[in-house]
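Secondary and tertiary structure notes
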Amino acid sequence: MNPAYAERHRLLGLNISYYRNLKDLSQYQLSAKLNIEASHLSKIERAAVGISLDRLYQIADALDVEPFLLLKPKD
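What follows is about the packing of aromatic side chains. Each pair of aromatic rings is reported with the distance of its centres and the angle of its planes. This structure, assessed with the given rule, holds 1 aromatic pair. Aromatic side chains Tyr18 and Tyr19 sit 5.0 Å apart centroid to centroid with 85° between the ring planes, which places their arrangement in the edge-to-face category.

Here you go:
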């Protein structure tokens with residue numbers, strides 16, 4: 001992961017967590033929908049790993065939100 005984008009990765013993780021909690025899903029429940037380990041989802045939310053666009057779209061679909069909302073700072 002490029003350190004120059006660390007803040008963007010942090011924002012992405014926070015937004016995933018926000019929408020996951022809004023849908024009342026645990027990390028385990030969302031990770032099951034994504035067919036990944038809960039520990040990997042935790043790393044995504046903590047910005048410890050980066051993700052591909054395909055994974056971004058998959059997460060957005062699982063959370064029933066537009067992908068751009070996962071990248072957008074909250075107003």
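Here we come to the nonpolar core. Counting residues in hydrophobic clusters, the biggest one holds 16 residues, and the most contacted among them are Ile16, Leu30, Leu34, Leu63 and Leu70. Counting residues per element, the ones that place at least two in this core are helix 1 (6-22), helix 2 (27-34), helix 3 (38-45) and helix 4 (53-63). Per-element accounting of this core gives the leading share, 5 residues, to helix 4.

Under the defined criterion, the tally for this structure stands at 2 salt bridges. Two residues, Glu7 and Arg10, come together in a salt bridge whose shortest N-O distance is 2.7 Å. Pair noted here: Glu7 and Arg10 are both in helix 1, with a separation of 3 residues, about one helical turn. Taking relative accessible area as the criterion, Glu7 reaches 48% and is therefore assigned partly exposed. The exposure class of Arg10 is partly exposed, given its relative accessible area of 41%. Salt-bridge contacts for Arg20 lead to Glu45; the nearest nitrogen and oxygen are separated by 2.7 Å. In this pair, Arg20 is assigned in helix 1 and Glu45 in helix 3, connecting sequence segments 25 residues apart.

Reading the values: the criteria
- Residues numbered from 1 in each chain as written.
- Predicted model: local features only at pLDDT ≥ 70, side-chain atom pairs only at ≥ 80, totals over all residues.
- Heavy atoms only, no water.
- Phe/Tyr/Trp six-rings, centres within 6.5 Å; stacked < 30°, edge-to-face > 60°.
- Core = buried A, V, L, I, M, F, W, Y, C linked by side-chain atoms within 4.5 Å.
- Buried < 20%, exposed > 50% of the residue type's maximum accessible area, 1.4 Å probe, protein only.
- Helix = DSSP H or I, 4+ residues; strand = E, 2+ residues; numbered from the N terminus.
- Salt bridge = Lys/Arg side-chain N within 4 Å of Asp/Glu carboxyl O.

Interpretation note: all reported values are geometric properties and have no functional meaning in isolation.
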